[in-house]
Amino acid sequence: MNVEKLKKMKGKEKIVMVTAYDAPSARIARDAGIDVILVGDSLGNNVLGYENTIPVTMEEMLIHVAAVKRGAPDAFIVADMPFLSYQTSVEKAVENAGKFLKVGANAVKIEGGEEFGELVQKLVESGIPVMGHIGLTPQFVNRFGGYRVQGKTEKNREYLLRSARELEKRGAFAIVLELVVEEVAKEITESVSIPTIGIGSGRFCDGQVLVWHDLLGLNPDFAPRFSKKYANLYEVILKALQEFRREVKEGLFPTEEHSFTDKSKGGVSS
Ligand code: KIV
Ligand code: NA
């Protein structure tokens, strides 16, 4: 996979993206034939235990992008630029984005609309492919005053359309549409030549992205309507840990087959 192949998928084949934050997950995503792995700054809420994505740092993101790269060396990896890693100056943004490419990302994603057009162009000119992200952009949660569906007013619809066209014009290779009403997501998708990748943005985007922990059901307290739980790994893991606990308490694990005696052969694998 590469940027050009991805662009050519528009109108021909749906693009499938999933977030992953570590090496074993990346390996599974790769083995499942997922087109794009996103190391999202949702790392903050899903893995690091933060309330939202605001506290996530470059250092944290870099560690996880590098881990994903080691787990899936041949995957197409997009890294999220975290809060304040690209908003303060073009120079800082290029430097930070470059760090992601140096640890193995193929592209970066930045949240923001038409205001970020010039920055997108600078990144692309520096050799750093950019995925845009408009609609509900969680790094702006304090300005939005909450997580709400976007594109509901005429003013916002026009802003989103202008933003998508601007991002395309400035060289973005794809755009994530997050929590955009379906009609507007469809209109955006039809009015740009680059692929749109939706989350909570209805049926008509060129691709879909889901968050690892949501689609695998790792958080029992979070079940947003736009996501779908393809598994309930919370239950699977809970049961496994309960079983392990019980077996140790009752003296059922380990058994002889898990144990070594002085007559055992040297190796530890089964
Ligand atoms: O960080 C993330 O997981 C994302 C996706 C929701 C697109 O940005
Ligand atoms: Na993100």
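What counts as what
Residues numbered from 1 in each chain as written. Chains lettered and ligands numbered in written order. Predicted model: local features only at pLDDT ≥ 70, side-chain atom pairs only at ≥ 80, totals over all residues. pLDDT = per-residue confidence, 0-100. Buried ≥ 20, exposed ≤ 12 C-beta atoms within 10 Å, placed from the backbone. Helix = DSSP H or I, 4+ residues; strand = E, 2+ residues; numbered from the N terminus. Pairing = 2+ DSSP bridges. Axes fitted to C-alpha atoms, helices over the stretch in contact; angles between N-to-C directions. Near = placed C-beta within 6 Å. Nonpolar A, V, L, I, M, F, W, Y, C, P; charged D, E, K, R; others polar. UniProt positions renumbered as here; feature names shortened; annotations may be inferred. Contact = placed C-beta atoms within 7 Å.

Chemist: Sorry if this is basic, but what is going on with the confidence of the model for the chain here?
Modeler: In this model, the chain carries an average pLDDT of 96, and 99% of its residues clear a pLDDT of 70 or more. Taken together, the chains of this predicted complex give a pTM of 0.96 and an interface ipTM of 0.99.

Chemist: Is there a simple way to think about the pairing of strand 6 (residues 174–178) in this case?
Modeler: Along any regular strand, the residues point their side chains to alternate faces of the sheet. Burial analysis of strand 6 places five of its five residues in the buried class, the great majority of the element. Residues of strand 6 alternate between two faces, with Ala 174, Val 176 and Glu 178 on one and Ile 175 and Leu 177 on the opposite face, all of them buried. Sheet topology places strand 5 (residues 130–135) next to strand 6; five bridges connect them, and they run parallel. Bridged to Gly 135 within strand 6 is Glu 178.

Chemist: Help me understand the sheet that holds strand 6 in this model?
Modeler: Pairing between the strands of a sheet comes from backbone hydrogen bonds, and it takes one of two forms, parallel or antiparallel. Strand order in the closed barrel formed by eight strands is 1-2-3-4-5-6-7-8, and the pairing between neighbours is parallel. Across the sheet, the mean angle from the axis of one strand to that of its neighbour is 25°, orientation sign disregarded. Two elements, strand 2 (residues 36–39) and strand 3 (residues 77–80), share three bridges in a ladder whose sense is parallel. Bridge pairing in strand 3 places Ile 37 opposite Ile 77.

Chemist: Help me understand the site of ligand 1 in this model?
Modeler: Lining the immediate surroundings of ligand 1 are Thr 19, Gly 40, Asp 41, Ser 42, Asp 80, Val 176, Glu 178, Ile 199, Val 209 and Val 211. Here the shell around ligand 1 is composed, by residue class, of four nonpolar, three polar and three charged.

Chemist: I would appreciate a short explanation of the UniProt feature "binding site: Mg(2+)" in the chain in the present structure.
Modeler: UniProt's entry tags Asp 41, Asp 80 and Glu 111 with the feature "binding site: Mg(2+)", counted in the numbering of this structure. Their sequence span is 71 residues, while the largest C-alpha to C-alpha distance among them is just 10.6 Å; these annotated residues converge on one region. Here Asp 41 lies in the loop between strand 2 and helix 3 (43–46). Those residues within four positions of Asp 41 in sequence are excluded, and the remaining contacts are Thr 53, Val 56, Met 61, Asp 80 and Pro 82. Considering the arrangement of structural elements, one finds Glu 111 in strand 4 (residues 107–111).

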